[in-house]
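Each chain, letter by letter, is given below.
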Amino acid sequence: MHPGLVVKLRPAGPWRIGSDSGARNRVDTIYHSDSLYSAVSSAMALLGSLEDWLDATARAAEPAVCFSSCFPYVEEVLCVVPPRTIWPPAAAGISARVRWKSARFVPLEVVRDILAGRKLDEAQWSLDGVSECVAPAGRPGPFRTSVRWSAAVDRLTGATERHSTACIEFRAGCGLWTVASFLDQAARDRWQAPVKTAFRLLADSGFGGERSRGWGRSEPPEFVEGDLPDMILPAAPAPAPEGLAEELILDRLVADLIGAGPVLPDSPDAPSDQEVLPAPMPDEVKTEDSASAQSPVEMGAGIAVLEMEEEAIETQAEIAPVEPQPEPAMAPPVVEAPQSHWLLSLYTPAPGDTVDWRRGSYSVLTRGGRVESPAGSGGLKKQVQMIAEGSVLAAASEPRGSAADVGPEGFPHPVYRAGFAVAIPVPEVR
């Protein structure tokens, strides 16, 4: 259980999320967690907290704050990249009403239904082909991709060159959401307020590319505090065993019958002329007066019976052989079974992570790009392979991830690419 913070961004204009190919006329539809961490780090630098932020995250053995990737939402419906082990749903092949296999983003409600074993209602959902998002039936998708044309002007010669740039345009009431996971309550108390301030700053300055044109901006972000993983997958109440309610009712009836005593006159149901009888005194609580009321013959008979019983117990103890006690068996070593973890972020394994790569279901994504820093911009970053969102990893403990230095050779300072894991435990599906 970790403290969490859901951040909802409602774009105020086009957004540009660069594709892995780097082509200007192509755009990605998911704002990855490593790009979000870089944006928040830039905001921390403007706020004067960069060194403390890096010490608590990129340079720490366990990062104090981790971000998931940014996923779309349709009004009140939050969408996400579904776990690879349950998608597409095997039970959804009853008809071709919804092309589940073509969906990239799926509502959290659908994921919860599949993990709980509930059947999907195909009349409730529809697939938007443009955004590859499953949305409520009758509603369009959260965004669409578009191309904006511009002209580059040479101020010396006056020559112009026309070029296009791809972007994402969001529908009204839709946007992107992410979740921040804090290591513990102390990390939440220290970094929740700076993280909120950084998102407010980025909402004004912009996320992604073409920020000089006013792209990537959003309205003031909306924050929802809670705990993980309950904010993503609430714990379902354990179902009561069959017949448990009937057994409880019978036990209550039996208890009422056994414990029924005389009706007290103060009770409104008691008749006024009923005689109140004293409750019988237990044998263990007899007073001296009750013992003295017995005759000497009765007392002597009772003592004789007790002496005979004690003599019989002693004789039985002398005759009974003493059996040797068996030696305690050595308990087998406890081996923790791997748990399935659903990734909501890009992930780079840390040395201490215990991931069984022979199990689970995951995909690998190559990440590159160029450096943007006051010390120098435009240099190519080192390419690294990362585990993509939606992957399901089998690990005995929760994966944490690490941050790799991808700066060019000889760069003045490290350039971190965050591969911290925001992982949600899910039941294993075969």
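Read on for an overview of the structure. (Residues numbered from 1 in each chain as written. Predicted model: local features only at pLDDT ≥ 70, side-chain atom pairs only at ≥ 80, totals over all residues. Heavy atoms only, no water.)

## Comments concerning empty space enclosed by the protein
Summary: where empty space remains is shown by rolling a probe the size of a single water molecule over the atoms. Counting across every chain of the model gives 1 cavity of 30 Å³ or more. In this structure, the largest cavity spans a volume of roughly 50 Å³. Lining the largest cavity are Ser 33, Asp 34, Tyr 37, Val 65, Cys 66, Phe 67, Leu 346, Ala 418 and Phe 420. Taken together, the residues that form the lining of the largest cavity break down as 7 nonpolar, 1 polar and 1 charged. (1 Å grid on protein atoms, 1.4 Å probe; cavity = no way out; pocket = protein on both sides within 12 Å on 5 of 7 lines; lining within 4 Å. Points joined across faces, edges and corners; volume = space filled by probe spheres on them. Nonpolar A, V, L, I, M, F, W, Y, C, P; charged D, E, K, R; others polar.)

## Digging into the packing of helix α1 (residues 33–46) against helix α4 (residues 185–205)
Their axes nearest at 9 Å, the elements α1 and α4 cross at an angle of 100 degrees. The orientation of α1 relative to α4 falls into the category roughly perpendicular. Contacts between α1 and α4 involve Leu 36, Ala 39, Val 40, Ala 43, Met 44 and Leu 46 from the first element and Trp 191, Pro 194, Val 195, Ala 198, Phe 199, Leu 201 and Leu 202 from the second. A class-by-class count of the residues in the contact of α1 with α4 yields 13 nonpolar, no polar and no charged. (Axes fitted to C-alpha atoms, helices over the stretch in contact; angles between N-to-C directions. Helix = DSSP H or I, 4+ residues; strand = E, 2+ residues; numbered from the N terminus. Parallel < 35°, antiparallel > 145°, perpendicular 65-115°, else oblique. Contact = heavy atoms within 4.5 Å.)

## Things to note about the environment of His 341
With respect to the secondary-structure elements, His 341 resides in strand β12 (residues 339–343). C-alpha separation for the pair His 341 and Glu 428, spaced 87 residues apart in sequence, amounts to 9.0 Å. Residues in contact with His 341, not counting those within four places in the same chain, are Ser 391, Val 392, Leu 393, Ala 395, Ser 397, Glu 398, Pro 399, Ala 423, Ile 424 and Pro 425. Of the polar contacts made by the side chain of His 341, one reaches the backbone oxygen of Gln 339; its length is 3.5 Å. (Polar contact = N/O pair within 3.5 Å; in protein donor to acceptor, adjacent residues only side chain to side chain.)

## Some words on the pattern of salt bridges
By the definition in use, this model includes 21 salt bridges. The shortest N-O distance in the salt bridge between Lys 196 and Glu 225 comes to 2.8 Å. Of this pair, Lys 196 sits in helix α4 while Glu 225 sits in strand β11 (residues 222–228), placing them 29 residues apart in sequence. Arg 213 serves as the salt-bridge partner of Glu 210, at 3.7 Å between the closest nitrogen and oxygen. Residue classification places Glu 210 among the buried residues on the basis of a relative accessible area of 19%. On the basis of relative accessible area, Arg 213 is assigned to the partly exposed category, the value being 35%. (Salt bridge = Lys/Arg side-chain N within 4 Å of Asp/Glu carboxyl O. Buried < 20%, exposed > 50% of the residue type's maximum accessible area, 1.4 Å probe, protein only.)

## What to know about the sheet that holds strand β13 (residues 355–361)
Strand order in the open sheet made by the 4 strands is β13-β16-β12-β19, with antiparallel pairing throughout. The open sheet is flanked by β13 and β19 (423–426), the only strands paired with a single partner. Each strand of the sheet is rotated relative to its neighbour by a mean of 40 degrees, with strand direction disregarded. Pairing between β12 and β19: 4 bridges, direction antiparallel. Residue pairing in the sheet places Ser 340 in a bridge with Val 426 of β19. (Pairing = 2+ DSSP bridges.)

## Here we look at unusual backbone geometry
The step from Trp 87 to Pro 88 runs through a cis peptide bond, and the omega angle for that step is 0 degrees. Looking at the element boundaries, Pro 88 is found in the loop between β4 (77–80) and β5 (106–107). A cis amide bond links Leu 228 with the next residue in sequence, Pro 229, at an omega value of 10 degrees. Tracing the sequence through the fold places Pro 229 in the loop between β11 and α5 (244–258). If you check the backbone angles, Glu 132 has positive phi at about 55 degrees while not being a glycine.

## Notes on the packing of aromatic side chains
Taken as a whole, this structure holds 14 aromatic pairs when the rule is applied. Relative to Trp 53, the ring of Tyr 37 has its centre 5.9 Å away and its plane inclined at 25 degrees; by these criteria the two rings are stacked. With Tyr 37 in helix α1 and Trp 53 in helix α2 (residues 50–56), the pair connects residues that are 16 residues apart, well separated along the chain. As far as the burial class goes, Tyr 37 and Trp 53 line up, both buried. Here the aromatic rings of Phe 71 and Trp 177 are separated by 5.9 Å at their centres, their planes lie at 50 degrees, and the arrangement is tilted. You can see Phe 71 sitting in strand β3 (residues 71–74) and its partner Trp 177 sitting in strand β10 (residues 174–182), a full 106 residues away along the chain. The class for Trp 177 is buried, based on a relative accessible area of 1%. Taking the ring centre of Tyr 73 as reference, the NZ or CZ of Lys 8 above it sits at 4.6 Å. Taking NZ or CZ as reference, Arg 162 lies 3.9 Å from the ring centre of Trp 149, over its face. (Phe/Tyr/Trp six-rings, centres within 6.5 Å; stacked < 30°, edge-to-face > 60°. Lys NZ or Arg CZ within 6 Å of the ring centre and 35° of its normal.)

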